[in-house]
Amino acid sequence: MSSRIVVAGFGPAAHRLVETLIARGLRGDLVVFGEEPRPAYDRVALTSYLSGRSVAELTFPVPDGVTLRLGCGVVAVDRDRRVVVAADGTREPYDVLVLATGSAPFVPPVPGRDLPGCFVYRTIEDLDAIRAAAGDAVAGVVVGGGLLGLEAADALRRLGLRTHVVEMGDRLMPRQVDEGGGAVLRRHVESLGLTVHVGAGVAAVEAGEDGRVARLVKPDGEAIEAQIVVFSAGIRPRDELARDCGLPVGERGGIVVDEGMRTADERVYAIGECALAAGMVHGLVGPCFTQAEVAADRILGGSAAFRGADLSTKLKLLGVEVAQFGETRFEDAAGALDVVYMDPVAGVYKRLFVSDDAKTLLGGVCVGDAGPYGTLRPFVGKTLPASPSDLLFAGAGAQTELPGDAQVCSCNNVTKDRIVAAIVEEGLTDVQGIKDCTRAGTTCGSCVPMLKRILVESGVDVGTALCEHFAHSRAELFDIVAVRGITTFSRLIAEHGTGRGCDVCKPVVASILASLGNGHILDGEQAALQDTNDKFLANIQKNGTYSVVPRIPGGEITPEKLIVIGEVAREFGLYTKITGGQRIDLLGARVEQLPLIWKRLVDAGFESGHAYGKALRTVKSCVGATWCRYGVQDSVGLAIALELRYRGLRAPHKIKAAVSGCARECAEARSKDFGIIATEQGWNLYVGGNGGFRPRHADLLAADLATDELVRTVDRFLMFYIRTADRLQRTSAWLEAMDGGLDQLRAVITEDSLGICADLDAQMERHVAGYVDEWRATLEDPDKLRRFVSFVNAPGTPDPSIEFRTERGQIKPIPVTVEVTP
Amino acid sequence: MTILGHTALDHTGLDHAALDRTYADETGGGGPGWTPVCPDAQLVPELGAAALVAGRQVAVFRTFDGGLYALGNRDPFSGAQVLSRGIVGTRNGEPTVASPMHKQVFSLVTGACLDDPGITVPTYRVRVAGAAIEVKVA
Ligand SMILES: Cc1cc2nc3c(=O)[nH]c(=O)nc-3n(C[C@H](O)[C@H](O)[C@H](O)COP(=O)(O)OP(=O)(O)OC[C@H]3O[C@@H](n4cnc5c(N)ncnc54)[C@H](O)[C@@H]3O)c2cc1C
Ligand code: SF4
């Protein structure tokens, strides 16, 4: 075993190497040089940095026992003396050297390529620079229509630029998709407002009078006006250290290594995108990870080998799913048959290649619906589970069981057998457990649905059943109720459940019925579904009394109304407290007092605050631009408008919101389910925040929205949450559990990738139009009022067990003795 | 200082004198040991009601299939008189009510707590007599 290991480069490959070495008990020194100023981060997820993910969230954890030399590149290797020379002039001796220097974007040698306004798309710094330049820019061009080019184009588009893509080949993503797929992809991309130029190179980038990029000129003379040019025309391995010290490199670059990832010098390894392994440079992170693990094993004396990798890819770019797996380069179709399914209206293209006896699956290409990727990729090289045409239709193949040696996670090379073994041996019960144990699903995440399936196949109850009465999850029940137009619990449980329900499923169904607008929550049978809080439209307290919370939209209240609250509290002897949501809680009311209290409040113009419901609670605000000398927008006005729009909206859990008038964020909007922070241009919308038990900062969903755009986005966010969240799942947990996370959420509600936005909008309109104050309606209905008594047979008698003392001038419950502690 | 059952001032114009009379006063009392608590039609399926019978608080329930049950109203875990306000349902076919405080589930048939064996609340007899629901506590 070697005593001193030096690593040049600290990207994902180096990180995996270091992590593996330490996890496997390496003894000796480990020194890592990284040119970038920070530890390795998740480059695959780089674009999410633009949508608000922080560097900290992207950074991989660094294990203990590593000496990091960050912001300090290696400039030379002296193989004879076995030292590396760092950029700061220091020299570091090694017993083993690992080159993990990755690759650099290829910038074609065109005139003007160094002008200010030209960028590449590879590091955090690149993105910072692009974002800064986008402020003054109107249009941008991406040179390169491959995977990374389209990702960069999407980023420019989201930064608000008119975006062009220039691709040399005759179609987009020429490496992944064939002609038919490229055409469908192009239509998708164009429908998002991007301009695509295929079969086009770059003649020059020209500057304007300010010396910055002004246009890109194509070889045919056409000029594209743009202030930003991003080069993303392939990658070149960073093999310069190896070249300079005389190690062999490939004709088109890449440090030549053997199957143990060793270079021609037995003390020097190369891994990741700088290595030429198994005859090629691998530009996907999965093979880079495998190479890192192989090198680590060899360094520790093992004999692992890298013999090439599955280059299948599945991605979602600009809201379009694109997938390619197995072998798909059969231009002449020799030795292969292909089956094509094409739906130009829906924008779906799928093509499967099978052996000429139509028995063995060779590969496939999908655009617009990557369904077959998950189900069919594991069958590559194996007998087809059904006829090719059946397999091409969505859903087919989903029921077929995967073979054990099928590779489920291609990023981390995890087979189904390994996952099943982990489930059995470690007693795993959820996807997180599989991730922790096997790494499957931790990189690009596209196999997560597959992991769930394997859990189910292994007999694990993945816990979607709500309770003993319904085998469905809340989201499934929501669909059933909505699609079949069910309006009563009795019908739902008779047709889809068993028994007569319980305290778990009844409130869930009550909430679904309320979200879908089925009248007053205490009407008819619905009353019996409600939790005690909803049943009495107040919050139960430990001694069986209730609290009363009138709505104070945005926290703004007139002196007259404040006085009414004070008077009511005094007359009914209630304890008063200011809440965290900028309103006033009145505690200690007995059931039979509630209508009397509310009569006073409703007469004075108050409405229910729904503090008792799984519903919108409050939209907090700071004083904002009206008063505050820093404010840039009217945060109070917006908060009131939003609170009035969403009041009474029932949801899987409570919903809290806030609006701050400027970036100082006095309303703490980022700790809310949805939070809004004013900008000079409009509003930034953050979602999925949480205080409480598991604090979480909300993520930026969209920036600089106009007020109407903001409202529409919040409408859809809330309705999508209401439709799909689990029971008692706050928006933070919902967002974290969503396959595809924030990007998926954005695709659904801003790009309408599921085609449900019109529905979500209509549902919210119905909510807004159908809102009535629950307390006012209750006071008008003698049947409902009759239930507000301590005793049916003695309606005027208070519950004698409720007693109070005073403390600090207010009432306080006298604790009752209990014989058992829960 | 102890404030016992602090009374509300009335702002609704309801006839409190009428409210203060008990249902038994109005109906003239039930049979020996039986106390009428409310009109039969007033007890909604799966929506419990509390009654004060001979100084005891009783939670009365009607299940979906028409069964009548009565338990002590006091939740033994919190000490609060609230079981009548819990959600009525079934567990493995047995009719139940869940305490609205901390959600422990009690059998309507036996009063046993199904989540904490050993804890039981009292059960009482209950019947429909004519147009009234009647409870017997002793
Ligand atoms: C925007 C974007 C999206 C991507 N999306 C995907 C995807 O969806 N799926 C997928 O599989 N792959 C994706 N990739 C590719 C993936 O990120 C790479 O395969 C992976 O980063 C390769 O890891 P690496 O460690 O070999 O190289 P790198 O990530 O390039 O890391 C090498 C590091 O070494 C440093 N370095 C270089 N020379 C020196 C030196 N002399 N001394 C010290 N340090 C040095 C570099 O600064 C760099 O930090 C994406 C890449 C980008 C840019
Ligand atoms: S967030 Fe800004 S506008 Fe609002 S109170 Fe604070 S400083 Fe003023």
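Residues numbered from 1 in each chain as written. Chains lettered and ligands numbered in written order. Predicted model: local features only at pLDDT ≥ 70, side-chain atom pairs only at ≥ 80, totals over all residues. Heavy atoms only, no water.

Undergrad: I'd like a rundown of the overall build of chain B, residues and numbers included.
TA: Each helix and strand in chain B was counted, giving 2 helices and 10 strands. Buried positions account for 48% of the 138 residues belonging to chain B. Look at the contacts in chain B between residues 6 or more apart in sequence, and 40% of them connect residues 24 or more apart. When the accessible surface of chain B is summed, it comes to about 6,000 Å², and 54% of that surface belongs to carbon and sulfur atoms. (Helix = DSSP H or I, 4+ residues; strand = E, 2+ residues; numbered from the N terminus. Buried < 20%, exposed > 50% of the residue type's maximum accessible area, 1.4 Å probe, protein only. Contact = heavy atoms within 4.5 Å. Areas by Shrake-Rupley, 256 points an atom, 1.4 Å probe, with all protein chains shown as cover.)

Undergrad: Talk me through the site of ligand 1; I want residue IDs and the actual numbers.
TA: All names here are of chain A. Close to ligand 1 lie 29 residues; Glu36, Arg43, Arg122, Glu273 and Val285 are nearest. The separation between a nitrogen atom of ligand 1 and a polar main-chain atom of valine 74 is 2.9 Å. When ligand 1 sits alone it has 990 Å² of accessible area, and the protein chains cover 94% of it. Mapped onto the shell around ligand 1, the elements with two or more residues apiece are helix H1 (12–23), strand S2 (29–34), helix H4 (147–158) and helix H7 (285–299). Class assignment for the residues of the shell around ligand 1 results in 13 nonpolar, 9 polar and 7 charged. (Near = heavy atom within 4 Å. Polar contact = N/O pair within 3.5 Å; in protein donor to acceptor, adjacent residues only side chain to side chain. Nonpolar A, V, L, I, M, F, W, Y, C, P; charged D, E, K, R; others polar.)

Undergrad: Now, about the interface of chain B and chain A: what can you tell me, with residues and values included?
TA: At the junction of the two partners, chain B supplies 53 residues and chain A supplies 62 residues. Interface area, chain B with chain A, both sides summed: about 4,700 Å², of which 58% is carbon and sulfur. Glutamate 46 of chain B is the salt-bridge partner of lysine 506 of chain A, the closest N and O atoms lying 2.9 Å from each other. Across the chain B-chain A interface, the total number found is 15 residue pairs in polar contact (both at pLDDT 80 or more). Taken together, the elements giving at least two residues each to the side of chain B that touches chain A come down to strand S1 (3–4), helix H1 (16–20), strand S2 (34–39), strand S3 (49–53) and strand S6 (87–91) of chain B. In the side of chain B that touches chain A, the residues fall into 28 nonpolar, 17 polar and 8 charged. (Buried area = accessible area lost by both parts, 1.4 Å probe. Salt bridge = Lys/Arg side-chain N within 4 Å of Asp/Glu carboxyl O.)

Undergrad: Let's hear about helix H17 (residues 559–572) of chain A: which residues, and what values?
TA: All names here are of chain A. Between its first and last C-alpha atoms H17 spans 20 Å; for 14 residues at 1.5 Å apiece the expected length is 20 Å, and the two agree. On its buried face, H17 sits against strand S31 (575–578), strand S32 (584–589) and helix H18 (594–603). Downstream of H17 by one or two residues, glycine 573 has phi in the positive range, about 65°. (Expected span 1.5 Å × (residues − 1).)

Undergrad: Tell me about the pairing of strand S25 (residues 348–355) of chain A, and please be specific about residues and values.
TA: Residues and elements named next belong to chain A. Of all 8 residues that make up S25, 8 are buried, and the element is covered over most of its length. Linking strand S24 (residues 336–343) back to S25 in an antiparallel pair, the connection comprises 4 residues, with glycine 347 at a positive phi of about 70°. Sheet topology note: the S25/strand S26 (residues 361–367) ladder contains 6 bridges and is antiparallel. What sits directly across from lysine 350, in S26, is cysteine 366. (Pairing = 2+ DSSP bridges.)

Undergrad: Can you break down the environment of threonine 532 of chain A residue by residue, with the values?
TA: Structurally, threonine 532 of chain A is set in helix H16 (residues 532–536). In this structure the C-alpha to C-alpha distance between threonine 532 of chain A and tyrosine 612 of chain A, which are 80 residues apart in sequence, comes to 9.0 Å. Excluding residues within four positions of it along the chain, threonine 532 of chain A makes contact with Ala538, Ile540 and Tyr546 of chain A together with Arg85 and Pro100 of chain B.

Undergrad: Explain the confidence of the model for chain B residue by residue, including any values.
TA: All names here are of chain B. Scored by pLDDT, chain B comes out at a mean of 81, with 78% of its residues at no less than 70. Mean pLDDT values for the elements of chain B range from 37 in S1 up to 96 in strand S5 (residues 68–72). Predicted complex metrics record ipTM = 0.83 and pTM = 0.55. (pLDDT = per-residue confidence, 0-100.)

Undergrad: Can you lay out the site of ligand 2 for me, pointing to particular residues and giving the numbers?
TA: Taken together, the residues surrounding ligand 2 are Cys622, Gly624, Cys628, Tyr630, Gly631, Gly661, Cys662, Arg664, Glu665 and Cys666 of chain A. Considering only residue class, the shell around ligand 2 consists of 5 nonpolar, 3 polar and 2 charged.

Undergrad: Please set out the sheet that holds strand S16 (residues 228–231) of chain A residue by residue, giving values where relevant.
TA: All names here are of chain A. Taken in spatial order, the 5 strands make up an open sheet running S9-S16-S10-S11-S12, and their pairing is parallel. Single-partner strands in this sheet number two, and they are strand S9 (118–120) and strand S12 (195–198). Mean inter-strand twist for the sheet, computed between neighbouring axes without regard to direction, equals 20°. Seen against the sheet, H4 touches strand S10 (139–143), strand S11 (162–167) and S16 and runs at an angle of roughly 175° to S10. (Axes fitted to C-alpha atoms, helices over the stretch in contact; angles between N-to-C directions.)

Undergrad: Quick one: what's the story with a positive patch on the surface, residue by residue and with numbers?
TA: Side chains of Arg175, Arg236, Arg252 and Arg329 of chain A sit close together on the surface and give a patch of like positive charge. Along the chain, arginine 329 of chain A turns up in the loop between strand S23 (320–326) and S24. (Patch = residues over 30% accessible without salt bridge, like charges linked within 9 Å, V, L, I, M, F, W, Y side chains within 5 Å. Lys, Arg positive; Asp, Glu negative; His and termini not counted. Charge placed at Lys NZ, Arg CZ, Asp CG, Glu CD.)

Undergrad: Any details on unusual backbone geometry? Residues and values, ideally.
TA: Although it is not a glycine, histidine 610 of chain A sits at a positive phi angle of roughly 50°. Summarising the element assignment, histidine 610 of chain A is placed in the loop between H18 and strand S33 (616–621). Its identity is not glycine, yet lysine 103 of chain B carries a phi of approximately 75°, on the positive side. Its place among the elements puts lysine 103 of chain B in the loop between strand S7 (94–98) and strand S8 (105–107).

Undergrad: Give me the lowdown on the side chain of threonine 90 of chain B, citing residues and values where you can.
TA: On the secondary structure map, threonine 90 of chain B appears in strand S6. Classification of threonine 90 of chain B as buried rests on a relative accessible area of 13%. When sequence neighbours within four positions are dropped, the list of residues in contact with threonine 90 of chain B reads Glu468, His469, Gly499, Arg500, Gly501 and Cys502 of chain A together with Pro95 and Thr96 of chain B.

Undergrad: Account for the pairing of strand S10 (residues 132–136) of chain B, with residues named and values stated.
TA: Each regular strand carries side chains that alternate between the two faces of the sheet. Residue and element names in this part refer to chain B. With 4 of 5 residues buried, S10 is to be regarded as a mostly interior element. Examined bridge by bridge, S2 and S10 share 5 bridges and lie antiparallel to one another. Counted as the bridge partner of threonine 35 is valine 135 from S10. Joining the antiparallel neighbours strand S9 (residues 123–129) and S10 is a turn of 2 residues, in which glycine 130 adopts a positive phi near 65°.

Undergrad: So what's going on with helix H19 (residues 635–646) of chain A? Which residues, and what values?
TA: All names here are of chain A. In this model, H19 (12 residues) spans 16 Å end to end at C-alpha, consistent with the 16 Å of a helix rising 1.5 Å per residue. Burial runs high along H19: 9 of the 12 residues are buried. The complete set of buried residues in H19 reads Ser635, Val636, Leu638, Ala639, Ile640, Leu642, Glu643, Arg645 and Tyr646. In this structure, the buried side of H19 is in contact with S33, strand S34 (655–660), strand S35 (674–678), strand S36 (683–687), helix H20 (707–724) and helix H23 (757–770). Its side-chain oxygen 3.4 Å from the backbone nitrogen of valine 636, aspartate 634 forms the N-cap of H19. Two residues or fewer past H19, glycine 648 is found with a positive phi of approximately 80°.

Undergrad: Please set out the side chain of glutamate 167 of chain A residue by residue, giving values where relevant.
TA: Residue and element names in this part refer to chain A. Its place among the elements puts glutamate 167 in strand S11. There is no salt bridge for the buried glutamate 167, and the closest opposite charge comes from arginine 171, which lies 8.3 Å off by N-O distance. Within the structure, the side chain of glutamate 167 is placed 2.7 Å from the backbone nitrogen of glycine 145, a separation counted as a polar contact. Once you skip the residues sitting within four places of it in the chain, glutamate 167 turns out to touch Gly144, Gly145, Gly146, Pro174, His197, Val198, Gly199 and Ala200.

Undergrad: Kindly report on the environment of valine 177 of chain A, identifying the contributing residues and their values.
TA: Residue and element names in this part refer to chain A. Relative to the elements of secondary structure, valine 177 occurs in the loop between S11 and helix H5 (179–191). Residue classification places valine 177 among the buried residues on the basis of a relative accessible area of 2%. When the C-alpha positions of valine 177 and alanine 323 are compared, they lie 7.9 Å apart, and in sequence the two are 146 residues distant.

Undergrad: Lay out the sheet that holds S25 of chain A with the relevant residues and their values.
TA: Across a sheet, paired strands are connected by hydrogen bonds in the backbone, their directions being either parallel or antiparallel. Residues and elements named next belong to chain A. What the 5 strands build is an open sheet, ordered S22-S23-S26-S25-S24; its pairing is antiparallel. Every interior strand has two partners, whereas the edge strands, strand S22 (313–317) and S24, have only one. Each adjacent strand pair in this sheet contributes to an overall mean axis angle of 10°, direction not counted. Bridge analysis of S24 against S25 gives 8 bridges, and the strand direction is antiparallel. Looking at S25, one finds that valine 340 is bridged to arginine 351. Strand contacts of H5: S23, S24, S25 and S26, with the helix running at about 160° to S25, the strand carrying the most contacts.

Undergrad: Could you give me a rundown of the pattern of salt bridges, with the residues and numbers involved?
TA: Residues and elements named next belong to chain A. Applying the stated rule across the entire model yields 58 salt bridges over all chains. A salt bridge links aspartate 95 to arginine 82, with the nearest nitrogen and oxygen atoms 3.4 Å apart. In this pair, aspartate 95 sits in the loop between strand S6 (91–93) and strand S7 (96–99) while arginine 82 sits in the loop between strand S4 (74–78) and strand S5 (83–86), placing the two residues 13 residues apart along the sequence. Aspartate 95 sits in the buried class, given a relative accessible area of 17%. Relative accessible area serves as the criterion here: at 28%, arginine 82 is assigned to the partly exposed category. Each of Asp154, Arg157, Arg158, Asp743, Arg746 and Glu751 takes part in one network of salt bridges that share partners.

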